[in-house]
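The lines below spell out each chain.
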Amino acid sequence: MCLANKETLVATGGRIYDYTADGAEIIPVDSEHSAIFQLLEGVDIDEVNSIILTASGGPFWKSKRDLSQVSIDDVLAHPTWNMGPKITVDSATMMNKGFEVIEACTLFKVDVEKITVVIHPQSLVHSMIQLVDGVIMAHISPPDMRHNIQYALLYPERLPNPTQPFDITAGNVLSFHPIDYDYFPCLRLAEEVARKGGNLSAYLVGADDRVTRAFLSSQISFDKIPFILENTIEKAYYKQNPSLEEIIQAIDNGFDLADEQIKELTERGAK
């Protein structure tokens, strides 16, 4: 089964495998998880010391702009990927990377402590794994989703791809930088949610949908996004082993908790 929708994995967590056919394998299409999936071919997960997710950092990681003042156009000006508005906003807040941390925990059955996130602004190294002997293996290709889609559809076969091959002699500089969690609190929140598990990731999916819509419709400012998400998780009714019905209810509750806060901010004129 090929899967491109990360929210499905994030909201259901490990329960996704309860609703797939016996023996079915999920082939991820998301570029980072496709990269990890390929890197783990023939590698025992116990031989992996760390899964390293790369993040572009979005438009603000380098400039460290005042996030209360950025516009919708500023947020949607992603430096390397051409994506839809929802995922582009999530990239700018780093919530997209937070979702990918939770997604990686589910797909590869590892604890969040085994996952490291680094800023890689060139978006050429899609993910890495560090083995117990210290060796790092990387997946490198141009930032083009056609690679991952073709791999998932044809797996385990490989065929020529119509995209321009990566030229290792073109003078590309590959740089990696640590995460500033104070500047990107959404990533820290997602990692906390991954650590606690249960139905909290479903709350997060629901609330993030609402705050992103609210920002794109100019109801709230960009800096209110992590504030609302953190409050939503604090107010969530925690369930350790939710059923599918309880997961769906948690998403709805995330909608409602976020909507209440958006409405309150709008009425106070404190968007």
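Figured I'd write up the structure that's included with this text.

Criteria and cut-off values
- The residue count restarts for each chain, going from 1 along the sequence in the order it is written.
- Only residues with pLDDT of at least 70 get local features here, since the model is predicted, and only at 80 or more are side-chain atom pairs given and counted; chain-wide, interface and lining totals rely on the full set of residues.
- Values reported for side chains reflect all heavy atoms of the structure, with hydrogen atoms and water molecules removed beforehand.
- Under the DSSP-based scheme used, a helix requires at least four consecutive residues in state H or I and a strand at least two consecutive residues in state E, with every element numbered from the N terminus.
- Between the two quantities, the radius of gyration covers C-alpha atoms and the globule rule is 2.2 Å times the number of residues to the power 0.38.
- For the exposure calls, accessible area comes from a 1.4 Å probe over protein chains only, and a residue counts as buried if that area is under 20% of its type's maximum, exposed if over 50%, partly exposed in between.
- Note on definitions: angles span 0 to 180 degrees between N-to-C directions of axes, and those axes are lines fitted to C-alpha atoms, for helices only across the stretch in contact.
- Oblique is the label for every angle not falling under 35 degrees (roughly parallel), over 145 degrees (roughly antiparallel), or within 65 to 115 degrees (roughly perpendicular).
- Left-handed is the label given to a crossing in which the near helix is rotated counterclockwise from the far helix by less than a right angle, and right-handed is the label when the rotation is clockwise.
- Here a residue-residue contact requires only that any non-hydrogen atoms of the pair lie within 4.5 Å.
- When residue character is reported, Ala, Val, Leu, Ile, Met, Phe, Trp, Tyr, Cys and Pro are called nonpolar, Asp, Glu, Lys and Arg charged, and the others, Gly included, polar.
- For two strands to pair, DSSP has to find at least two bridges joining them.
- By definition here, a salt bridge exists when the distance from a side-chain nitrogen of Lys or Arg to a carboxyl oxygen of Asp or Glu is within 4 Å.
- Centres within 6.5 Å make a pair out of two Phe, Tyr or Trp rings, where for Trp the six-membered ring is used; the pair is then stacked when the planes are under 30 degrees apart, edge-to-face when over 60, and tilted otherwise.
- For a helix, the expected span equals 1.5 Å multiplied by the number of residues minus one.
- Charge assignment in this entry is limited to Lys and Arg as positive and Asp and Glu as negative, and neither His nor the chain termini are counted.

1. So, the overall build of the protein chain
Of the regular secondary structure elements, the protein chain holds ten helices and six strands. Taking 2.2 N^0.38 as the reference for a compact globule, 271 residues should give roughly 18 Å; the C-alpha atoms of the protein chain span a radius of gyration of 19 Å, in line with that estimate. The C-alpha extent of the protein chain, read off along each of the three principal axes, is 55 × 45 × 35 Å. Looking at the protein chain as a whole, 50% of its 271 residues qualify as buried.

2. Looking at the packing of helix α7 (residues 185-196) against helix α9 (residues 224-235)
Any two packed helices are characterised by the angle at which their axes cross and by the distance between the axes. Packing of α7 against α9 brings their axes to within 9 Å, and their N-to-C directions diverge by 20 degrees. As judged from the angle between their axes, α7 and α9 are roughly parallel. Viewed along their axes, α7 and α9 form a crossing whose handedness is left-handed. When α7 is examined against α9, the residues P185, C186, R188, L189 and V193 are found in contact with a partner set consisting of I225, P226, L229, E230 and I233. Residues of the contact of α7 with α9, tallied by class, amount to eight nonpolar, no polar and two charged.

3. Digging into the sheet that holds strand β6 (residues 136-140)
Spatially, the four strands line up as an open sheet ordered β4-β3-β5-β6, and their pairing is mixed. Looking along the sheet, the strands with just one partner apiece sit at the ends: β4 (115-119) and β6. Each neighbouring strand pair of the sheet contributes to a mean axis angle of 20 degrees, computed without reference to strand direction. Looking at chain direction, strand β3 (residues 48-55) and β4 are connected through five bridges and run parallel. Bridged to L53 within β4 is V117. Most of the contacts of helix α2 (residues 31-39) go to strand β5 (residues 125-131), to which it runs at about 40 degrees, and overall it touches β3, β5 and β6.

4. Quick notes on the packing of α9 against helix α10 (residues 244-268)
At a minimum axis distance of 9 Å, the contact between α9 and α10 shows a crossing angle of 130 degrees. The angle between α9 and α10 places the two elements in the oblique class. Two packed elements cross with a definite hand, and for α9 against α10 that hand is right-handed. Taking contact as the criterion, the partners of K224, F227, I228, N231, T232 and K235 in α9 are, on α10, G254, L257, A258, Q261, I262 and L265.

5. A short note on the pattern of salt bridges
For the structure on display, the rule yields 17 salt bridges. In this structure, K97 and E32 form a salt bridge, with 2.8 Å as the shortest nitrogen-oxygen distance. Here the residue K97 occupies a position in helix α5 (residues 95-108), and E32 occupies one in helix α2, the gap between them amounting to 65 residues. In terms of burial, K97 and E32 fall into one category: buried.

6. Comments concerning the environment of E25
Position of E25 relative to the elements: it lies in the loop between α1 (6-12) and β2 (27-28). Along the sequence, E25 and M1 sit 24 residues apart, while their C-alpha atoms lie 6.0 Å from each other. When near neighbours in sequence (up to four residues on either side) are disregarded, E25 contacts M1, F37 and Y155.

7. Looking at the packing of aromatic side chains
Under the defined criterion, the tally for this structure stands at six aromatic pairs. Ring geometry for F60 versus F222: centroids 5.9 Å apart, planes at 70 degrees, classification edge-to-face. Pair noted here: F60 is in the loop between β3 and α3 (72-76) and F222 is in the loop between α8 (200-216) and α9, with a separation of 162 residues, a long-range link. Centre to centre, the rings of Y183 and F184 are 5.1 Å apart; their planes meet at 80 degrees, and the pair counts as edge-to-face. Exposure class is identical for Y183 and F184. Each is buried. Three or more aromatic residues joined by ring pairs form one cluster here, namely F37, Y151 and Y155.

8. Here's the deal with α10
Taking 1.5 Å per residue, 25 residues should reach 36 Å; α10 reaches 37 Å between its end C-alpha atoms and fits that length. Those residues of α10 hidden inside the fold are in contact with α1, α8 and α9. Just beyond α10, the residue with positive phi is G269, at close to 70 degrees.

9. Some remarks on the side chain of E191
Along the polypeptide, E191 turns up in helix α7. An unpaired buried charge is present at E191: no salt bridge exists, and R195, the closest side chain of opposite charge, is 4.6 Å distant. Beyond its immediate stretch of four places on either side in the chain, E191 contacts V101, V112, V117 and Y181.

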